[in-house]
Amino acid sequence: VNFYYLKNANVTAKYIDEVDNKEISESITTKYKEGEDYTTQQKEINDYFFSKVEGEPSGKVGREDITVNYYYKYNCDIKINYIDKTTGVIMDSKTESGQDGEKLVLKHKDFENYRLIEGPEGETETTFTKKEQEINYYYVYVGKIKVNYIVQSSGEVLEEQRYEDVEGTIVN
């Protein structure tokens, strides 16, 4: 009399953050007998975007345990504000979305009669992270002044001068 035994093997599906390699959802382990068909499933995980899978999501169980890693990237937002420095009024705002670890090229915005005075200059690169991010660009109003020197008795304009400078500048 011969006895034949089939080996048991575990198939484990893990759900991992691709950037920090930490598990972001409970792994699922199922026990199978050697030769059985197995299937693992990708999960929908709040705030995460599926990125890639390592290992065979389905197949036949052999003599060894099987691990299938599903990798995800966190969905991130960067809020960008364009603010009048004098009044504190947000002139415009936008939110850029991407996945944790991705790069974003920032560029200031031009506003008529305003000059950028504070914030990233030119094209600047930043990286999406899980941490909440807010980037502020500060502007000041550029005032335009026209000064006419006029002869009071005749109204004749002797000289005209034009000035253009940021709000708060004293003109002599």
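Refer to the structure printed above.
Cut-offs applied
- Residues numbered from 1 in each chain as written.
- Predicted model: local features only at pLDDT ≥ 70, side-chain atom pairs only at ≥ 80, totals over all residues.
- Heavy atoms only, no water.
- Pairing = 2+ DSSP bridges.
- Helix = DSSP H or I, 4+ residues; strand = E, 2+ residues; numbered from the N terminus.
- Phe/Tyr/Trp six-rings, centres within 6.5 Å; stacked < 30°, edge-to-face > 60°.
- Buried < 20%, exposed > 50% of the residue type's maximum accessible area, 1.4 Å probe, protein only.
- Lys NZ or Arg CZ within 6 Å of the ring centre and 35° of its normal.

Q: Mind showing me how you'd approach the pairing of strand E2 (residues 23-33) here?
A: Strand residues, when the strand is regular, have side chains that alternate between the two faces of the sheet. Across eight bridges, the pairing between strand E1 (residues 8-17) and E2 is antiparallel. Counted as the bridge partner of Ala 9 is Tyr 32 from E2. The hairpin turn running from E1 into E2, its antiparallel successor, is five residues long, and Asn 21 in that turn takes a positive phi close to 60 degrees.

Q: Can you walk me through the packing of aromatic side chains in this structure?
A: Counted by the stated rule, this structure contains eleven aromatic pairs. Where Tyr 15 meets Tyr 70, the ring centres are 5.5 Å apart and the plane angle is 10 degrees; that geometry is what we call stacked. One end of the pair, Tyr 15, is in strand E1; the other, Tyr 70, is in strand E6 (residues 66-84), with 55 residues separating them in the sequence. The buried category is assigned to Tyr 70, whose relative accessible area is 3%. Plain terms: the ring middles of Tyr 82 and Tyr 139 are 6.4 Å apart, the flat faces sit at 45 degrees to each other, and that makes the pair tilted. Taken together, the positions of Tyr 82 in strand E6 and Tyr 139 in strand E11 (residues 133-150) put the pair 57 residues apart, joining distant regions of the chain. For the pair Tyr 82 and Tyr 139, a shared accessibility class is recorded, and that class is buried. In this structure an aromatic cluster arises from ring pairing among Tyr 15, Phe 50, Tyr 70 and Tyr 72. Its end group placed over the ring of Tyr 71, Lys 52 keeps NZ or CZ at 5.3 Å from the ring centre. Residue placement shows Lys 85 over the ring face of Tyr 138; its charged tip is 4.8 Å from the ring centre.

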